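# Coordinate analysis (summary)
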Amino acid sequence: MSMRRTFKLKVNQVLHRPQHHNSAASDHDDPLKDIKLAGAYEHVYQLSPSSEVDGLLLPGEITVGHAKEVISYVLHDENRRGTSGLLVCTNFRLMFVTDKPPYCNLIAVDNKLIGPQDVTLSNIETIYIEKQNGKRKKLYPTSRNIKDGIQKLEIHCKDFRILTYSFKLSVLGEGKNIVRAILHHSYPQDSSLSFAMEYISKKASKETSTKEASNISSKVVSLYRKVDDWEKLIMTSQAMKGRWRITSINETFSLSATMPGLFVVPSSLSDAFLKDAIHQYNNNRLPIWCYTHPNKCSLLRSSNFREESVQFQVDQKIRQEITKCDPSGRKIRMMDLNKMCPTLQQVQMSFHKLKTSCMPANEDEYMESDGKWYSTLQTIKWLQFVSCCLEVARTCVDHIDSGLGTVLLIETLGVDWTACISCLVQVLIDPTKRTIDGLSELIQREWIIGCHPFTTRLGILHQPKKSSKFQPESSTSDHPEVCKSPIFMVFLDCLYQILTQESTKVEYTSFFLTSLADGTRLPVFDTFIFNNERERNRTLQQLNQQRTTDIETISIWDWDVQYPHHVQQLFINPLYRCKRFHHLVATTTPPLGGNSIATNDDVTSPNTLDLTTTPKVEKLKSSKKSSTHHRSASDSTCLDTTTSSMTSSSTPHGHKRINSNSYEVPYQPPQGRSVFYCAGDERPDSGRSVANSRSSSTDNMAAEDDEAVVIGLVDQVNSRAPQVAERLRFVPNSANNNNDVIGCRDDDDVMQVKTGVQYLRFWKFAYLRWVSFSQLIGGGESPQVEQENKMADEIVQLASKIEHLEAQLCNGDTSVTSPPPRVDDVTVQFVSSYFPYLAISNKSANKSTLGRVYNFSRKKEGKSTTSASAPSPKIHHHHHHTEGKPPHRPAPLSPAQVAASSHHMVALSEQQQTSEGGTYNRLSSGV
Amino acid sequence: MEFSEFIKTPKVEEAFLEGSCISKMIGSACLTGHHLILYSHSGDNAEHWILHKNVDAIDRRFGNDKCQITLKCKDFETYCLTVLSQEDATNIANSIEVLSSLDNINLQYPFFYKATNSLSESNLGSIEEDFLMISNVSDQWRISEVNNNFQICPTYPQRIIVPKSISDQMIFKSSEFRNLGRFPILSYCHHNGRVVMRCSQPQIGTNNRRCKEDEKLINVVLGSHHRGYIMDTRTQQIALQARSKGGGTETEFNYPQWKKIHHNLSRPSALYDSICKLVEVSRDKGCAVDKWRSRLESSNWLHHVKEVLTASCLVSQCLDKEGASVLIHCADGFDSTLQITSLTQIILNPECRTLRGFLNLVEKEWILYGHPFRERCARSVYSVGKASRDEGPTFLLFLDCVHQLQHQYPLSFEFDGSLLCQIARHTYASQFGTFLCNNELERFTSRVRSKTTSLWSHLLSDDVFPSYLNPVYQPRSDTIWPSVAPQSLMLWGELFTPFVDPSAVTRRCLRSNKLYLHELRSTINELSKEVSQLEEQEEKLKT
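First things first, this report covers the structure right here in the doc. (Residues numbered from 1 in each chain as written. Chains lettered and ligands numbered in written order. Predicted model: local features only at pLDDT ≥ 70, side-chain atom pairs only at ≥ 80, totals over all residues. Heavy atoms only, no water.)

## Comments concerning helix α9 (residues 336–348) of chain B
Note the cut-off: A run of DSSP states H or I qualifies as a helix once it reaches four residues; a run of E qualifies as a strand once it reaches two. Both are numbered from the N-terminal end. Multiplying 1.5 Å by the residue count of a helix minus one yields the expected span of that helix. For every residue, the accessible area obtained with a 1.4 Å probe (protein chains only) is divided by the maximum for its type, and the residue is called buried under 20%, exposed over 50%, and partly exposed between those limits.
In this model α9(B) runs 18 Å from its N-terminal to its C-terminal C-alpha over 13 residues, within 8% of the 18 Å that 1.5 Å per residue would give. Burial analysis of α9(B) places 13 of its 13 residues in the buried class, which makes it a mostly covered element.

Quick look at the structure:
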């Protein structure tokens, strides 16, 4: 069991992908070929040189077009450099196959489904072609007259990526063919045509479901399609018992197309009543339960009551019953999200603008945005919308948390903002929803089961319009039912803001969020390709009728399908991970700087200058691993008061068993309840009685509420680090005099998110990750996360080592040794601010930055360039400098050569890291 | 003179205090020679000490039943004191007004402040240490006493490092040719032997004066083959216009080995206007959501940040990539020049990214080489109109640039953002003497160094410096190239953005991450200790 995050850039791995072999090489015995899964490729079309491609295809994937000798240009490089290879269009993706190491813009993340140079067809937003005469033309799904002589193909992706290919070297006509194929397959009109259907049906028949147990989450994410999942949800909550029930009136989706098959309603409402009532609501969506706080206030969501309906008493009755679910009978607060949140069209417009400003054609264009960036950001309004959502969520949280009553979210259709806000509220209010599992289940329940129309909102399906022009980016219709609008992206951005503000309290990382966003464009999973559950059911039924065996769909939460284990590790926020271990050793007092901001003491008050001592009370609770039986007993383990100061902060409390005589204390083996005695117990401590009285009042109360949380956490830890979990104790840091203590480990806190635009950050990691020149090498958030991961690993390792040594000492037997988990040495080669995306940007490898700086030094450019690149071997020989030169066809590379050149790539990148550093932009101004 | 002359009402028993960074409290207000002290009457006995020097402007609002005095401080915070008696209020306001603008340097608080525990000398900015470092790279330099008793340049220290082959006489000539006597002097020697030098503008004037010694002085640095760059931080036009006032800029004709770069950086007064707008925006809690960013942009502050960073990158590139030496000057050579020289060193020299190295850099570049702190920091953003042309947050802009670098390379700095904030606050009002005067001569005359405590000693003392350490520091030996794209530049939240809710919870969350990482670091230390203890135990058990 290794908790090690492998932050290694899999540069070598990427370079070794078999797709870099050309046909000549793959004909021979090729050891690397075996690496790739032997895909099941049915030779439906014998169009392509199958030997090159078939090993790379997924089950059910078929090639539908190809072009040879295509040049794939480097991103944002004004088409100056590129690599030639085979461009293949399948029913799933556009694939670029080459035997050459990719020039740059490597995506380091190891995705089992698509390679770094590939793009799924559902990711394609717009297609542009350029003719020989230089005319650029945008293609529409309806475009028919695509003629020969296509020089260049430019694809704008939904994830803000731009891919450019040139056909100038390929045989006439191949360009046209593949463009037609792409156009034909990129805009499906029906979800049953989605690749997911092909994939899952083929996969189900080919692979006997042998799941590797490497999924990052130990347990299976509840999909909420079975009663069990819902029961688990409402039974565990004391506050809900008897007041809410699950109803299956819509199990066949006959009553409502846009409601889940199962949902939760007040127990007092009969099925018969609900069946009637359902039609009185817009979109046939009843108020359904989302969350109940321990204080018995609940959160519900629904659509608007039908305006034309005359049966007002239905609505009244439902509200009454909802009110009755709260024993205190507090009034329901209605939140009309139509008024509080931006409209779908506004969001779509904003997203479109955002996209435009994040997809610069080249570096100069990116620079041009320079002086205007902030006002651009303001006119885009994206962050204002994010701020608005957070604000609404916070209002709800405040209302529920302070026990003012139940909140009912209302929206015209009840499938967009209600999902977003209800999720946010739950994340902010409920610590269990901040874990990856918890969040996944929440998204599954509120968005997928809650029937957010993903297909429509994300524009996955092309809906033919009466008007012949298809404009994918502007909302062709204002009607909310068919409107495209990336509400889900707003939601993810909100989660990102929560992450940046409260990074110790959430388990997910930015990478998890972008993986979710990318998942919506990966039609392998059944998660994001339907508008609602009924559509999913019907499509699957149809499919099942055609086949004898039941097909098994794959949900996005099966991360194994997509990422190998080491990539999945990147989902976990190291700070959150550490949290479980941080109290193994008592913490230090707050550093002196802690108070100074607040009171200005440091500057002005002589008295407080040396006031580094901060009295601190800590209460230790023993491990909760053995669940609730021992809880009451363990509550009273030990109290420790330590008056620690900056200098004496190393006093370990809570954990120092090997201190002088205290070793006689029997050490409880893991299966029992482990009681740890503190060093402070043996010490005469003057402040103790005071501390006791002070801490018990606050902490015991907190402890009650913490129970569930702690147990939940322990469970997780158990799955990951069973030995270390023993040591998990919950140490609420009782308040210091001025409350300005480190603490912040009170997981039960309702998160205090700041919603003002000032506090929101632009999510560069998501929106700018393909803009290579905006990345910082060795800088940005990613290296910091990586560093934090290292610290977390170190702690885990040390903790388990202690555990191990203790066990040895306790038993007095040194032979029973299971050596502590060994952690392999991390060799971080290369971490940029967009890690694990866009790892290498050697854009300045042959473009001297200096040449851009001073006009007068241009003559020296040649010299300085050679001197700069001198240490690195000349490896650019196989890249086309496309100034009309004939293509240079190198001899097929042997695997050894590939390895060698990939080594050079790494060498180059390292050299660059030291000499070139990060992006270094726009020095031209003002010179 | 006694302070008590100015204090008519030394104490008010019933006062109500609220502020942008503190929670509301009721207590008594007490006026001393240097502080306004507020004691809380509630159980927690909180105290707030506001240095008079920190007060930038006072607003009085006197009603019938209560009188409000708003103290607007130079660190952008505001405090609002409410007292019942109008007479008391007037007296307090008047006293603070007078006491906050005392000119006599000997009455400043640092001369009265005694550190409770004796702090050891920080020994920063030591020329011997510097010289040792340079000697490792090049033997072309020597320590000169030519500026003994500040006879040729009051804004340089007494002992300086000059090229070996240049006699003191030549330096004397050169200093006569340069504005304020600030002749070209070594700032930084890169590991490849190339150097950064700084000076003030040459006094070419209308009759095209030239100075052979000055030319010789800077040419000798280049050696025989190399070329160098002269960076003038004014536009070409402004630089040429300066001739009419006796200044000017080097001509290609007289300095053939040097290439001129003009990179326009704003004068302190322009920065002052900018920061006033910035603080107005960032402290405006009622600002409309959809106006905020464009108002921020129109303050132009981030534009200044960008320009300074760009210029520093440019210089760093010249040194590191081109292998050329650079001479930097503006008009006086102690504003934007110092920004560039110090940022260049942070970019190029990993040593300057350590805590001690950074403080050393500030001492060396800013304090010893004469950034006029007294003039630049006399007033802050709230006294618009009263400020003279000399005021300007040049140093603050430099700190902001460091913050940007820190933000972009969170692992590369040994210290963290709160250190920068702390230094920023101390430049305006402090119990330490570090930022008191304009230059070394003034400090020498007032005996600042012997009579006051140094901020550096405080920051480097054993119980203080750990709190400023960056828990994820990973020393790296190479240069850090900053991105100057607006997407990469951030508003310095810790200093500029106010807390919406001044309650402790919010503040805690702002800082939690860093503190939390500190905890982790100490956890690691503790655990390793324990491991070794356990291992010892085990050894014993075995034997």
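So much for the structure itself; the text now carries on.
## Details of the sheet that holds strand β12 (residues 228–232) of chain B
Residues and elements named next belong to chain B. To be explicit about the condition: Only strands that DSSP links by at least two bridges are regarded as paired with each other. Throughout, an axis means a line fitted to C-alpha atoms (over the contacting stretch in the case of helices), and angles, computed between N-to-C directions, take values from 0 to 180 degrees.
Taken in spatial order, the five strands line up as β10-β11-β14-β12-β13 in an open sheet, and their pairing is mixed. Of all strands in the sheet, those with a lone pairing partner are β10 (185–189) and β13 (258–262), marking the two edges. Between one strand and the next, the sheet's axes are offset by a mean angle of 25°, whatever the strand orientation. Alignment of strand β11 (residues 195–199) against strand β14 (residues 325–329), held across four bridges, turns out to be parallel. Residue pairing for β14: C199 is matched across the bridge by H329.

## Some remarks on the pattern of salt bridges
For clarity, the cut-off: Here, a salt bridge means any side-chain nitrogen of Lys or Arg that lies within 4 Å of a carboxyl oxygen of Asp or Glu.
For the coordinates displayed, the defined rule picks out 49 salt bridges over all chains. Of the charged contacts in the structure, one is a salt bridge between D335(B) and R376(B), with a shortest N-O distance of 2.6 Å. Here the residue D335(B) occupies a position in the loop between β14 and α9, and R376(B) occupies one in helix α11 (residues 373–376), the gap between them amounting to 41 residues. For the pair D335(B) and R376(B), a shared accessibility class is recorded, and that class is buried. Linked by salt bridges that have partners in common, R225(A), D526(A), E533(A) and R536(A) make up one network.

## Some words on the packing of aromatic side chains
Selection criterion: Each Phe, Tyr or Trp ring, with Trp reduced to its six-membered ring, pairs with another whose centre is within 6.5 Å; inter-plane angles below 30 degrees give stacked pairs, above 60 give edge-to-face pairs, and intermediate values give tilted ones. Our definition puts a charge over a ring when NZ of Lys or CZ of Arg is within 6 Å of the ring centre and also within 35 degrees of the ring normal.
Summed over the entire model, instances satisfying the criterion amount to 46 aromatic pairs over all chains. Their ring planes at 45° and their centres at 5.7 Å tell us that F511(A) and Y563(A) sit as a pair that is tilted. In this pair, F511(A) sits in helix α18 (residues 510–519) while Y563(A) sits in the loop between α20 (559–562) and α21 (565–568), placing the two residues 52 residues apart along the sequence. Each member of the pair, F511(A) as well as Y563(A), carries the same accessibility label: buried. Within the aromatic cluster, the residues linked to one another by ring pairs are F358(B), W366(B), F373(B), F395(B), F398(B), F413(B), F415(B), F435(B) and W456(B). The ring of W770(A) carries the charged tip of R161(A) above its face, separated from the ring centre by 4.6 Å. Stacked on the ring of Y369(B), the Lys or Arg R198(B) has its end atom at 4.1 Å from the ring centre.

## Here we look at the pairing of β11(B)
Residue and element names in this part refer to chain B. Where burial is concerned, most of β11 is hidden: five out of the five residues are buried. Burial of the side chains of β11 extends over both faces: V195, M197 and C199 are buried on one face and V196 and R198 on the other. As paired strands, β10 and β11 are joined by four bridges and run antiparallel to one another. Bridging across to β11, I185 finds its partner in R198. Here β10 folds back onto β11 in antiparallel fashion, the turn holding five residues, of which G193 has a positive phi close to 90°.

## Thoughts on the sheet that holds strand β12 (residues 298–303) of chain A
All names here are of chain A. What counts here: We call two residues in contact when some of their heavy atoms are within 4.5 Å.
Here we have four strands laid out as an open sheet, ordered β11-β12-β14-β13, and mixed in their pairing. Only two strands of the sheet have a single neighbouring strand rather than two, namely β11 (288–292) and β13 (333–336). Adjacent strand axes in the sheet meet at a mean angle of 25°, parallel and antiparallel pairs treated alike. When β13 meets strand β14 (residues 407–411), the two strands line up parallel, connected through four bridges. Following the sheet pairing, R333 is matched in β14 by V407. Here helix α13 (residues 382–401) sits on the sheet in contact with β12, β13 and β14, set at roughly 175° to β13.

## Section: the nonpolar core
Across soluble globular proteins, nonpolar side chains have a tendency to be buried as a group. Note the cut-off: For the purposes of this section, nonpolar cores are sets of buried Ala, Val, Leu, Ile, Met, Phe, Trp, Tyr and Cys residues that join through side-chain atoms within 4.5 Å.
Within the largest apolar cluster, 210 residues are counted, with the highest numbers of intra-cluster contacts made by W447(A), I498(A), F358(B) and F496(B). Not counting the four nearest positions on each side in its chain, F496(B) is found in contact with F76(B), I275(B), L278(B), V279(B), S282(B), R283(B), W301(B), L396(B), D400(B) and L491(B). Judged by nonpolar contacts, the second largest core, of 33 residues, contains I249(A), V264(A), A277(A) and L286(A).

## Quick notes on unusual backbone geometry
Residues and elements named next belong to chain A. Phi is positive for E69, which is not a glycine, with a value near 55°. Summarising the element assignment, E69 is placed in strand β1 (residues 63–73). On the basis of relative accessibility, which here comes to 24%, the residue E69 falls in the partly exposed class. Of note in this structure, K296 is not a glycine but carries a positive phi near 75°. By secondary structure assignment, the location of K296 is in the loop between β11 and β12. According to the relative accessible area criterion, K296 is partly exposed, its value standing at 27%.

## Side note on the packing of helix α10 (residues 355–368) of chain B against helix α13 (residues 417–428) of chain B
Between two packed helices, both the angle of their axes relative to each other and the distance between the axes serve to describe the pair. All names here are of chain B. Basically, it comes down to this: An angle below 35 degrees is treated as roughly parallel, one above 145 as roughly antiparallel, one from 65 to 115 as roughly perpendicular, and anything else as oblique. Crossing handedness is read from the near helix: turned anticlockwise from the far helix by less than a right angle, it gives a left-handed crossing, and turned clockwise, a right-handed one. Amino acids outside the nonpolar list (Ala, Val, Leu, Ile, Met, Phe, Trp, Tyr, Cys, Pro) and the charged list (Asp, Glu, Lys, Arg) are all regarded as polar, and Gly is one of them.
With their axes 12 Å apart at the nearest point, α10 and α13 run at an angle of 25° to one another. Relative to α13, α10 is oriented roughly parallel. In this structure, the crossing between α10 and α13 has a hand that is right-handed. Here α10 contributes L355, F358 and L359 to the contact with α13, which in turn contributes L419, L420 and I423. Tallied by class, the residues present in the contact of α10 with α13 amount to six nonpolar, no polar and no charged.

## Describing the packing of helix α8 (residues 301–322) of chain B against α9(B)
Residue and element names in this part refer to chain B. For the pair α8 and α9, interaxial distance at closest approach is 8 Å and the crossing angle is 60°. The angle between the axes of α8 and α9 places the two elements in the oblique class. For the element pair α8 and α9, the recorded crossing hand is right-handed. Residues V308, A311, S312, C313, V315, S316, L319 and D320 of α8 touch α9, and the partners they reach there are Q339, I340, L343, T344, I347 and L348. Among the residues making up the contact of α8 with α9, the classes are represented as nine nonpolar, four polar and one charged.

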